[in-house]
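What the coordinates show
Residues per chain, in single letters:
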Amino acid sequence: MQNDIHEEKPAFSYCVKVGHVSTNAFTVKAEADNRELAELAKVWKVVSVEALSADLQINRWKRDGIRVKGKVIARLTQECVVTLDPIETRIEEEFEQIFVPEGSKLARVVTGSAAEMVLDPDGPDLPETFAGDTLDVGPIISEFVALAIDPYPRKAGAEFADHIEMDDEQAAKRPSPFAALKDWKSGQ
């Protein structure tokens, strides 16, 4: 019997064995290969992704959590929203994320009927959860880059025209916006 549930593989994956993580931080470098770069370009809807790497410091957080802190660097090509010319973009983002096992008390947000949850937008993110003995930090690295991508990249000096000019002939053929209202009052 085949399993009908297919887990979607992330575009970029970098797995860390949780059992090997101690309170002393260790440093790793995660780097996307050519296949992953091509997949990320599709996901991010950009022309191409030339490079994606992250220098990570990973250590134990509290009793059963994992802290991943680091800097992600990406180079990608986007289209200018004005000229459609290619634009090279470089992204450098520092990030920190806490991961806790599913079912951990640290993953749950306790709320009662009268409880109010206050989130600081500049404060740390809520912990993410993971299952099993392996943590895939690739998707979180990808997410921090995706959030830094300019949704409307513009080539230096490229400007939209303020408005579209109509010549006199076009303006004469265009009906007045009030033409439909001229008989409205008498029609009642």
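Residues numbered from 1 in each chain as written. Predicted model: local features only at pLDDT ≥ 70, side-chain atom pairs only at ≥ 80, totals over all residues. Heavy atoms only, no water.

1. Looking at the overall build of the chain
A count of helical and extended segments in the chain gives 3 helices and 7 strands. Along the chain, from the amino end to the carboxyl end, the secondary structure elements read β-β-α-β-β-β-β-β-α-α. Classification of the 188 residues of the chain by burial places 29% in the buried group. Sequence separation of 24 or more characterises 66% of the internal contacts of the chain that already satisfy a separation of 6 or more. Carbon and sulfur atoms make up 51% of the accessible area of the chain, which totals about 14,000 Å². (Helix = DSSP H or I, 4+ residues; strand = E, 2+ residues; numbered from the N terminus. Buried < 20%, exposed > 50% of the residue type's maximum accessible area, 1.4 Å probe, protein only. Contact = heavy atoms within 4.5 Å. Areas by Shrake-Rupley, 256 points an atom, 1.4 Å probe, with all protein chains shown as cover.)

2. Structural notes on the pairing of strand β3 (residues 48-61)
Sheet analysis places strand β2 (residues 26-31) next to β3, joined by 6 bridges and oriented antiparallel. From the neighbouring strand, F26 faces β3, where its bridge partner is I58. Here β3 pairs with strand β4 (residues 65-79) via 13 bridges, running antiparallel. When the sheet's bridge partners are listed, S48 is paired in β4 with T77. Counting the residues that bridge the hairpin from β3 to β4 gives 3 residues, and of these K62 lies at a positive phi of roughly 50 degrees. (Pairing = 2+ DSSP bridges.)

3. Remarks on the environment of L52
Examined against the element boundaries, L52 turns out to sit in strand β3. A sequence separation of 20 residues divides L52 from A32, and the C-alpha atoms of the two residues are 5.5 Å apart. If we ignore the near neighbours within four places in the chain, the residues touching L52 are F12, A30, E31, A32, L37, L40, W44, V72, I73, A74, I141 and V145.

4. Overview of the environment of F99
Examined against the element boundaries, F99 turns out to sit in strand β5 (residues 86-101). The exposure class of F99 is buried, given its relative accessible area of 4%. When residues no more than four places from it in sequence are discounted, the contact partners of F99 are G65, I66, V68, E128, F130, L135, V137 and I140.

5. Structural notes on the sheet that holds β2
Read across the open sheet, the 5 strands follow the order β2-β3-β4-β5-β6; overall the sheet is mixed. The sheet terminates laterally at β2 and β6 (128-130), the two strands that pair on one side only. When strand polarity is set aside, the average angle formed by the axes of neighbouring strands in this sheet is 30 degrees. Each of β2, β3 and β4 touches helix α1 (residues 34-44); the most contacted strand, β3, lies at about 100 degrees to it. Lying over the sheet, helix α2 (residues 138-148) contacts β2, β3, β4 and β5, oriented at roughly 135 degrees with respect to β5. (Axes fitted to C-alpha atoms, helices over the stretch in contact; angles between N-to-C directions.)

6. Things to note about the side chain of N59
Summarising the element assignment, N59 is placed in strand β3. What makes N59 buried here is its relative accessible area of 14%. Those residues in contact with N59 that sit more than four places away from it in its chain are V21, S22, T23, N24, A25, G65, I66 and R67.

This is a description of form; function is not addressed.
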